[in-house]
Amino acid sequence: MRIAVLGAGIVGLACAAELLRAGHDVRVFDPAPASGATHAAAGMLSPAGEAWHGEENLLRLGVESAGLWPEYAAWLESASGVDVDHRRAGTLLAGRDHDDVQVVRRTLDLLAAHGIEYEELRQRDLREREPELSTRVCGGAYLPGDHSVNPRRVSAALLALLGDRVEHRNAAPSTTPSPLLAPGEDRPASVEGVRTEDGRLVRADAVLVATGHQLPPQVPQRRHVRPVRGEILRVRPPSGQAPTQTIRALVHGEPVYAVPRAGGEVVVGATQEEHAGDPMPTVGGVARLLDAARTLLPGLERAEILEVLARHRPGTPDNGPMLGPTGVHGLYLAAGHHRGGVLLAPVTARILRAHIESGSPDAANAFSPSRFDTSERMSRWTSLSTAN
Ligand SMILES: Cc1cc2nc3c(=O)[nH]c(=O)nc-3n(C[C@H](O)[C@H](O)[C@H](O)COP(=O)(O)OP(=O)(O)OC[C@H]3O[C@@H](n4cnc5c(N)ncnc54)[C@H](O)[C@@H]3O)c2cc1C
């Protein structure tokens, strides 16, 4: 099949590489590949650390994708020659005060209910696992299954695999109207390819939209994705003072994480805020992160600041991604990965490949792009029936 992919963030790239590996004729369009949320991401593969009540489907999807990562990282490295800095030391959850530890315990209850492995730790055990942690941390847990990669290296590896199949241009799906629109039907019938910013039509049998927080108008589910700003820093502590594993913590209610990277660097993140417009870092956001981070890891006090940046996560109403057919024949969506696009990239690529190869016009599943349309229809119906 001829398949056009719009967006070369980690999601679009992973899907494109999977489709290429399956023998399809793939072209990718992006004016600035891997410069969106992917560029800012810390790279935690952390389904357990991200687990939250009400997001059980997302937890299951995350666990599935985390299980794919070891083989995926090995394949990427051998096929591209790029080391993606895949770290399997596990993740520590930590709470600075007793209220913070209560929140950690809530997460552990959820993990227990789902059979996910963890080890609850007292203050002394935490510091044995990570001597860089402050003596004032009250307690926490060890999550052996939560790993990390460097997303910039992952996207560099994927870009190397895709080579000149990636065109540095904006594009939008090109659709043809339905010859016979049913009454009330306002959606175009099918996609014929993509139209690039210079007006060229590139024909394709299927178009996959993976443009992060900004979906083109041709996607019926466009309004369900919104920008959620995240601010993040890259720092280099003095030699020997970087943590040896990922730490996710609450410091007097303020969430913060520190993710070690190759070369002694540490990523400190991240804020989360509803925001439109350019995603610039703010004084308040960065100050909160730094305060929490150096309370957690006193060795960061003398760290050099290498980079401060902000990007938009693609948020959805239930924090889950939208994966699959859009209702326009041949037009597929892989967007709305919010806080977990790096974690979810391998499973997303598999799911989208299955949808595109089967050509099914719709799919009823927890991450179907049409799930919010259904809930909108239901709430309209409920309000009508209540009014009556
Ligand atoms: C601060 C921060 C920390 C994060 N940490 C983690 C983490 O530790 N673990 C994790 O799993 N996730 C993390 N995330 C979330 C993760 O980064 C996102 O879920 C993921 O990057 C989304 O990938 P994407 O490919 O959908 O979007 P993006 O990476 O934003 O890529 C979208 C691409 O589409 C392109 N594009 C837009 N419009 C068009 C168009 N019309 N035509 C062609 N191309 C277009 C853009 O140029 C861009 O390159 C973090 C996010 C942030 C902001």
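Cut-offs used in this document
Residues numbered from 1 in each chain as written. Predicted model: local features only at pLDDT ≥ 70, side-chain atom pairs only at ≥ 80, totals over all residues. Heavy atoms only, no water. Helix = DSSP H or I, 4+ residues; strand = E, 2+ residues; numbered from the N terminus. Contact = heavy atoms within 4.5 Å. Pairing = 2+ DSSP bridges. Axes fitted to C-alpha atoms, helices over the stretch in contact; angles between N-to-C directions. Expected span 1.5 Å × (residues − 1). Buried < 20%, exposed > 50% of the residue type's maximum accessible area, 1.4 Å probe, protein only. Right-handed = clockwise from strand over helix to strand, strands pointing away. Parallel < 35°, antiparallel > 145°, perpendicular 65-115°, else oblique. Left-handed = near helix turned anticlockwise from the far one by under 90°. Nonpolar A, V, L, I, M, F, W, Y, C, P; charged D, E, K, R; others polar. Near = heavy atom within 4 Å. Polar contact = N/O pair within 3.5 Å; in protein donor to acceptor, adjacent residues only side chain to side chain. Domains from an automatic or database assignment. Phe/Tyr/Trp six-rings, centres within 6.5 Å; stacked < 30°, edge-to-face > 60°. Lys NZ or Arg CZ within 6 Å of the ring centre and 35° of its normal.

Colleague: Any chance you could break down the environment of G336 for me, citing the residues and the numbers?
Modeller: With respect to the secondary-structure elements, G336 resides in the loop between β20 (331–335) and α8 (341–358). Measuring from C-alpha to C-alpha, the distance between G336 and R200 comes to 28 Å, with 136 residues separating the pair along the chain. When neighbours within four sequence positions are excluded, G336 is seen to be in contact with P314, T316, G320 and P321.

Colleague: An account of the sheet that holds strand β12 (residues 206–209) is requested, with residue identities and associated values reported.
Modeller: Ordered in space as β8-β2-β1-β12-β20-β19, the six strands form an open sheet in which the pairing is mixed. Two strands bound the open sheet, and with one partner strand each, they are β8 (166–167) and β19 (322–325). Here β12 runs beside β20; their pairing, made up of three bridges, is parallel. For V209, the partnering residue across the bridge sits in β20 and is L333. On the sheet, helix α1 (residues 10–21) packs against β1 (2–6), β2 (25–29), β12 and β20 and is oriented at approximately 165° with respect to β2.

Colleague: Explain α1 residue by residue, including any values.
Modeller: Compared with an ideal rise of 1.5 Å per residue, which puts 12 residues at 16 Å, α1 spans 16 Å between its outermost C-alpha atoms and is within 8% of the ideal. Along α1, 10 of the 12 residues are buried, which leaves the element largely enclosed by surrounding structure. Within the sequence span of α1, burial applies to I10, V11, G12, L13, A14, C15, A16, A17, E18 and L19. Remark: G23 follows α1 within two positions and exhibits a positive phi of approximately 95°.

Colleague: So what's going on with the pairing of β1? Residues and values would help.
Modeller: On any regular strand, side chains alternate: one points to one face of the sheet, the next to the other face. In terms of residue burial, β1 counts as a mostly covered element, since four of its five residues are buried. Relative to β2, β1 runs parallel, the two being bridged by five bridges. Its bridge partner lying in β2, I3 is registered against V26. In this region the chain leaves β1, passes through α1 and returns to the parallel neighbour β2; the handedness of that crossover is right-handed.

Colleague: Got a sec to walk through the packing of α1 against α8? Specific residues and values, please.
Modeller: The geometry of α1 relative to α8 is characterised by a closest axis approach of 8 Å and an angle of 45° between their N-to-C directions. Taken together, α1 and α8 sit at an angle that is classed as oblique. α1 and α8 meet at a crossing whose hand is right-handed. Contact residues: I10, V11, A14, C15, E18 and L19 in α1; G341, V342, A345, T348, A349, R350, L352, R353 and I356 in α8. In the contact of α1 with α8, the residues fall into 10 nonpolar, two polar and three charged.

Colleague: Report on the site of the ligand, specifying residues and quantitative values.
Modeller: Not every one of the 34 residues close to the ligand is listed here, only the nearest: D30, T38, M44, H338 and R339. Take D30: an N or O atom from its side chain is 2.6 Å from an oxygen atom of the ligand. Here A37 contributes a backbone N or O atom positioned 3.0 Å from an oxygen atom of the ligand. Of all the secondary structure elements, the ones that give two or more residues to the shell around the ligand are α1, α2 (37–40), β13 (226–236), β18 (304–315) and α8. With three residues, the single largest contributor to the shell around the ligand is α8. Of the residues that make up the shell around the ligand, three or more belong to each of domain 1 (2–36 + 154–225 + 318–385) and domain 2 (91–144 + 226–313).

Colleague: Outline the packing of aromatic side chains, listing residues and values.
Modeller: Taken as a whole, this structure holds two aromatic pairs when the rule is applied. Note on W69 and Y72: the rings are 5.3 Å apart at their centroids and 90° apart in plane angle, and the pair reads as edge-to-face. Placement of the pair is W69 and Y72 together in helix α3 (residues 56–80), with a separation of three residues, close to one helical turn. Take W69: its relative accessible area is 0%, and that puts it in the buried class. When the ring of Y72 is compared with that of W75, the centres are 5.7 Å apart and the planes differ by 45°; the resulting orientation is tilted. Pair noted here: Y72 and W75 are both in helix α3, with a separation of three residues, about one helical turn. Given a relative accessible area of 7%, Y72 falls into the buried group. Taken together through their ring pairs, the aromatic side chains of W69, Y72 and W75 make up a single cluster. Across from the ring centre of W75, 3.8 Å away, lies the NZ or CZ of R21, which sits over that ring. The aromatic ring of Y142 is capped on one face by R129, whose charged end is 3.8 Å from the ring centroid.

Colleague: So what's going on with the sheet that holds strand β10 (residues 190–196)? Which residues, and what values?
Modeller: Across the sheet, which stays open at both edges, the three strands sit in the order β9-β10-β11 with antiparallel pairing between neighbours. Strands at the two margins of the open sheet, each flanked by one partner only, are β9 (171–176) and β11 (201–203). Averaged over all pairs of adjacent strands, the angle between their axes in this sheet comes to 40°, without regard to strand direction. Alignment of β10 against β11, held across three bridges, turns out to be antiparallel. Bridge assignment links V194 to a residue of β11, and that residue is V202.

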